[in-house]
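# Tertiary structure, described
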Amino acid sequence: MRPSLIVFIDCLPFSYLPERFLPELPGRASVRPGFGYSVNLVAELFAGMTPDELGFLNIFNYNPGNSWLRGWAPALRLLSPLRHAYYLDRAAHRALSRVAGYTGNIPFSYLGAFEPTGSYPFDPSFPHPTLLSSPGFRGTLVLHSRLRNVRPPGRDRVLVERALAAVRPGEGLFLSLPDLDSLVHSTGVGSPEFLARIEDYRAWLGELVAAFRQANPDGYVAVVSDHGAANVRGPYDMRVERHFGRPRPDRYMYFLDATLARFWVPDPGLRSEMAAHLAEERHGALVAEEERSEYGVTSRAFGDLIWVVDEGLGISPSFLGRGTGKGLHGYHPALPSQQAVFLSSEDLPRPSFRTTAVYGELRRAMRQAQVLR
Ligand SMILES: [Zn+2]
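Residues numbered from 1 in each chain as written. Predicted model: local features only at pLDDT ≥ 70, side-chain atom pairs only at ≥ 80, totals over all residues. Heavy atoms only, no water.

### Structural notes on the sheet that holds strand β11 (residues 260–264)
In spatial order, the strands read β10-β11-β13-β12; together these four strands make up an open sheet with antiparallel pairing. Both edges of this open sheet fall to β10 (253–256) and β12 (284–286), since each of them pairs with a single strand only. Geometrically, the sheet is characterised by an average inter-axis angle of 15 degrees between neighbouring strands, direction not taken into account. Pairing geometry for β10 and β11, over four bridges, is antiparallel. Paired with Tyr254 across the two strands is Phe263, which belongs to β11. Against the sheet, helix α9 (residues 268–280) makes contact with β11, β12 and β13 (305–309), and its axis sits at roughly 15 degrees relative to β13, the strand it touches most. (Pairing = 2+ DSSP bridges. Helix = DSSP H or I, 4+ residues; strand = E, 2+ residues; numbered from the N terminus. Axes fitted to C-alpha atoms, helices over the stretch in contact; angles between N-to-C directions. Contact = heavy atoms within 4.5 Å.)

What follows is the structure in C-alpha cells.
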C-alpha cells in the first residue's frame with residue numbers, strides 16, 4: 001500500500017461543503033449513512049460492516065439475560081420513583097454512571113435489561129479487521145481518545161498540530177476530528193460557530209495535505225465524514241407508556257434514542273397492534289422490513305419494530321437525555337441533510353456512496369501505486 005493520509009470529520013454534512021474546500025482533492029462524492037449513530041457509521045466507513053454484521057446499533061442493546069447491571073436490578077428498582085423528580089433522577093444517574101459506566105437517562109427499572117455496546121474501528125478492542133489494521137497501512141493514528149486534558153473546541157486544532165508533526169515520508173497518517181459534532185448539537189447546523197469551524201478545517205487541512213504531499217508525492221489522500229445533520233424545531237414526546245401501557249419483558253420493552261424508538265415485543269398480537277399504531281404516527285415512520293434489509297439492521301436484537309422520528313424533531317425525553325440540542329443526526333438516512341462527505345485525491349467512480357462502500361473504495365485507492373496529480 002502506498003502512504004495514505006485519511007482524515008475523518010465527525011458530522012460534516014455534504015450540503016455544507018464549500019466549493020473551495022480542499023480543491024486539491026478532485027474526487028467528491030456524497031455518502032449516504034446507515035441508521036444509527038457515529039459508532040455504527042464509523043465502522044461502516046472503516047470496516048465496511050453493517051450493524052447486522054457488527055452486532056450493535058447505537059450505544060445500548062437490549063440484552064435482558066446478560067446486561068452488565070442485571071445483578072443490580074433489585075436495587076435499581078428502588079430508585080425508580082426518582083423518575084418523577086427530574087433533578088434527583090439526574091443526580092442519581094450521574095452518581096451511578098461514575099461507578100458503573102455511562103447510564104444515560106435510562107429509567108432505573110430498565111437498566112438491568114440493556115447493555116452498553118459498540119466500539120470504534122480505531123479502538124484496540126474493535127474485534128474486526130479495519131482499514132487501519134490492514135497490514136499495508138503503516139502509520140500514525142491521531143485520535144482524541146489519546147488526548148488528556150484538552151477539551152473542545154480547542155481539541156481539533158491540537159489534533160491537527162499533532163498530525164502535522166507526525167508527517168513522515170513513506171508513512172501513513174490517520175486523523176480523527178471529533179468536535180464539529182458537538183458544535184452541531186449545541187449550536188445547530190449552519191450556525192456562525194459551525195461555519196467558522198468549516199473555514200478552520202479548510203485552512204488546517206489545506207496545510208496538512210500540502211505537508212503530506214510534499215513528504216509523499218505518491219501518497220493517497222482522503223477526507224470522509226460519517227453523517228450530516230439537521231436543525232431541531234422542537235421536542236417530540238412519544239408517550240410510549242400512555243399508548244401501550246407499562247412495559248414488561250413478556251409484553252413489550254422499548255428504548256428511545258434521540259431519533260429512533262425501538263420496541264421488543266414478544267407477543268405477536270401486541271406487536272401487530274403496535275406496528276399499526278406506529279405506522280399511523282404522524283411525526284415519524286416505521287422502518288419497513290425491506291429497508292431494514294437494505295441497511296443491514298434486520299437483527300431482532302435491535303428491535304422487533306424500529307421507528308424513526310421526522311427530520312427537525314428530537315425525541316424528548318429520550319433514554320439518553322431530556323434536551324434535544326439545536327442540531328441532530330440519525331434521521332432517515334436517505335434525507336439530503338443526512339448525507340456525508342467523501343473527498344479523494346483521485347477521481348471517484350460515482351457521485352454518491354453508501355458508508356459501507358467507502359471502505360472498499362478507500363482500500364482500492366490505498367493499494368494503487370498511482371502518482372498523485
Ligand atoms: Zn452527534
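On we go.
### Topic: the packing of aromatic side chains
Overall, the coordinates contain 21 aromatic pairs when judged by the stated rule. Their ring planes at 65 degrees and their centres at 5.6 Å tell us that Phe114 and Trp264 sit as a pair that is edge-to-face. In this pair, Phe114 is assigned in strand β4 (residues 114–116) and Trp264 in strand β11, connecting sequence segments 150 residues apart. When its relative accessible area of 0% is taken as the criterion, Phe114 is described as buried. Given the relative accessible area of 5%, Trp264 is considered buried. Measuring from centroid to centroid gives 5.0 Å for Phe255 and Phe319, while their planes differ by 75 degrees, and the two rings are edge-to-face. Of the two residues, Phe255 is situated in strand β10 and Phe319 in the loop between β14 (313–315) and β15 (327–328); the sequence distance between them amounts to 64 residues. Like Phe319, Phe255 is buried. Joined through ring pairs, the aromatic side chains of Phe60, Tyr62, Phe114, Phe244, Tyr252, Tyr254, Phe255, Phe263, Trp264 and Phe319 make up one cluster. In this structure, Arg350 is placed above the aromatic ring of Phe353, and the distance from its NZ or CZ to the ring centre is 4.2 Å. (Phe/Tyr/Trp six-rings, centres within 6.5 Å; stacked < 30°, edge-to-face > 60°. Buried < 20%, exposed > 50% of the residue type's maximum accessible area, 1.4 Å probe, protein only. Lys NZ or Arg CZ within 6 Å of the ring centre and 35° of its normal.)

### Structural notes on the coordination of the zinc ion
Those donors, Asp181 (OD), Asp181 (OD), His185 (NE2) and His329 (NE2), are the protein atoms that reach the zinc ion, and they lie 2.0 to 2.3 Å from it. Around the zinc ion, the four donor atoms sit at angles spanning 56 to 146 degrees, and that spread fits a shape best called irregular. Spacing between the donor residues of the zinc ion along their common chain follows D-x3-H-x143-H. Here the residue Asp181 occupies a position in helix α6 (residues 179–187), and His329 occupies one in the loop between β15 and β16 (340–344), the gap between them amounting to 148 residues. Of the two residues examined, Asp181 and His329, each falls in the buried class. (Donors = N, O, S within 2.8 Å, 3.2 Å for Na, K, Ca; no water. Tetrahedral: all angles 85-135°; square planar, octahedral: opposite > 155°, others 65-115°.)

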